[in-house]
Amino acid sequence: GGKVNPSFFGQTLAPPSKGGGAPPTGDLAEAIDATFGSLEAMKTKLSAMSVAVQGSGWGWLGTDAAGKLALATCANQDPLEATTGLVPLFGIDVWEHAYYLDYKNVRPD
């Protein structure tokens, strides 16, 4: 996970000129709406789950073996697929280095 998670995270980032920051479209958007009710509802739930990680770790949107979307968190450097069986689609890095200078230990702010 120490290399897998950050490598995956970096591959999912893109500048706005390459579609980064845009909401999902097509099949993924439809699956998010069907599973969570809306993109905003999914973001709210994933953010709440990620904030609740004690210490460092990751919040994830992934798919299970049947292709259904699911949210999960992993502590420390644990990779999503090896610990939950979910294939990662999107991750939130909640390691201290990702937020500490701006938010100290008050992650929800």
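I will try to describe carefully the structure that is included in this document. These figures come from a predicted structure and were not determined experimentally.

So, how was this worked out
Residues numbered from 1 in each chain as written. Predicted model: local features only at pLDDT ≥ 70, side-chain atom pairs only at ≥ 80, totals over all residues. Heavy atoms only, no water. Phe/Tyr/Trp six-rings, centres within 6.5 Å; stacked < 30°, edge-to-face > 60°. Buried < 20%, exposed > 50% of the residue type's maximum accessible area, 1.4 Å probe, protein only. Pairing = 2+ DSSP bridges. Helix = DSSP H or I, 4+ residues; strand = E, 2+ residues; numbered from the N terminus. Axes fitted to C-alpha atoms, helices over the stretch in contact; angles between N-to-C directions. Contact = heavy atoms within 4.5 Å.

**Details of the packing of aromatic side chains**
Reasoning step 1: The tally for this structure, following the rule as stated, stands at 1 aromatic pair.
Reasoning step 2: Measuring from centroid to centroid gives 5.4 Å for Trp-58 and Trp-60, while their planes differ by 20°, and the two rings are stacked.
Reasoning step 3: In this structure Trp-60 comes out as buried when scored by relative accessible area, which is 1%.

**What about the sheet that holds strand β3 (residues 87-93)?**
Reasoning step 1: Sheet architecture is open: 3 strands sit in the order β2-β1-β3, paired in antiparallel fashion. Edge strands, defined here as strands with exactly one partner in the open sheet, are β2 (69-75) and β3. Shown here is a sheet whose adjacent strand axes are inclined to one another by a mean of 25°, direction ignored.
Reasoning step 2: Relative to β3, strand β1 (residues 57-63) runs antiparallel, the two being bridged by 6 bridges. Counterpart to Gly-59 in the pairing with β3 is Ile-92.
Reasoning step 3: The sheet strands contacting helix α2 (residues 26-36) are β1, β2 and β3, and the helix crosses β2 at an angle near 80°.
Reasoning step 4: Lying on the sheet, helix α3 (residues 39-51) is in contact with β1, β2 and β3; it crosses β2 at an angle near 20°.

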